Amino acid sequence: MKALDKKLVHVVNFYLKPGLSEEDRRHFEAGLSSLHTIDEIKIFNVGKPAPIDDRPTIDKSYDYCLLCVFEDIEAHDVYQTHPVHLSFIEQCKQYWAKAVVFDSETI
């Protein structure tokens, strides 16, 4: 079996503030979705907790999950300082109470 090239997987779970209006949520979703325009992202997905049966290992406490895959750590670093990413943070940070980041490198 051929080994995969190392990739960096970036997952961010967003926990929104309680009481946001539908307009606030739409604005957050639009900002989050704008990140797909960043060329360094090779795979992009935004989602909400899936309506699957509860199990002890399932955590549905977040509101939105962002998943991005980058070719390498350098591409991830470009993303972190990209104007679209910085604009998303500046325009949408007031909507989340917490964001939890999981960065992993493929093995």
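Data block above holds the structure.
Heads up: these notes are all about the structure in this document. (Residues numbered from 1 in each chain as written. Predicted model: local features only at pLDDT ≥ 70, side-chain atom pairs only at ≥ 80, totals over all residues. Heavy atoms only, no water.)

**Description of the overall build of the protein chain**
Looking only at helices and strands, the protein chain features 3 helices and 4 strands. Reading the protein chain from its N terminus to its C terminus gives the helix and strand order β-α-β-β-α-α-β. Burial analysis of the protein chain (107 residues in total) assigns 30% to the buried set. Nonlocal contacts in the protein chain, meaning residues at least 24 apart in sequence, comprise 75% of its contacts between residues at least 6 apart. Surface exposure of the protein chain reaches about 7,100 Å², of which carbon and sulfur atoms provide 56%. Positive and negative side-chain charges in the protein chain, numbering 12 and 18 respectively, have mean positions lying 4 Å apart. (Helix = DSSP H or I, 4+ residues; strand = E, 2+ residues; numbered from the N terminus. Buried < 20%, exposed > 50% of the residue type's maximum accessible area, 1.4 Å probe, protein only. Contact = heavy atoms within 4.5 Å. Areas by Shrake-Rupley, 256 points an atom, 1.4 Å probe, with all protein chains shown as cover. Lys, Arg positive; Asp, Glu negative; His and termini not counted. Charge placed at Lys NZ, Arg CZ, Asp CG, Glu CD.)

**Notes on the side chain of H85**
In this structure, H85 sits in helix α3 (residues 83-92). Here H85 is in contact with L35, I38, Y79 and Q80, once residues within four sequence places are set aside.

**Some remarks on the environment of L67**
Considering the arrangement of structural elements, one finds L67 in strand β3 (residues 64-70). Distance from L67 to G47, taken between C-alpha atoms, is 8.5 Å for residues 20 residues apart in sequence. Among residues more than four places away in sequence, those in contact with L67 are V9, H10, V11, I43, F44 and N45.

**Side note on the side chain of H10**
Take H10: it is sitting in strand β1 (residues 8-16). Side chain to side chain, H10 and D103 meet in a polar contact 2.5 Å long. If we ignore the near neighbours within four places in the chain, the residues touching H10 are L66, L67, C68, F70, H76, Y79, Q80, V101, F102 and D103. (Polar contact = N/O pair within 3.5 Å; in protein donor to acceptor, adjacent residues only side chain to side chain.)

**What to know about the packing of helix α2 (residues 73-81) against α3**
Interhelical geometry of α2 versus α3 gives an angle of 50° and a closest axis separation of 5 Å. Relative to α3, the element α2 is oriented oblique. Note on element contacts: α3 touches α2 through P83, H85 and L86, opposite Y79, Q80 and T81. The residue inventory of the contact of α2 with α3, partitioned by class, reads 3 nonpolar, 3 polar and no charged. (Axes fitted to C-alpha atoms, helices over the stretch in contact; angles between N-to-C directions. Parallel < 35°, antiparallel > 145°, perpendicular 65-115°, else oblique. Nonpolar A, V, L, I, M, F, W, Y, C, P; charged D, E, K, R; others polar.)

**Quick word on the sheet that holds β1**
Ordered by their spatial adjacency, 4 strands build an open sheet running β2-β3-β1-β4, and the pairing between neighbours is antiparallel. Of all strands in the sheet, those bounded by a partner on one side alone are β2 (41-47) and β4 (96-105). The mean inter-strand angle of the sheet, taken between neighbouring strand axes irrespective of direction, is 15°. Of the strands in this sheet, β1, β2, β3 and β4 are in contact with helix α1 (residues 22-34), which crosses β3 at around 5°. (Pairing = 2+ DSSP bridges.)

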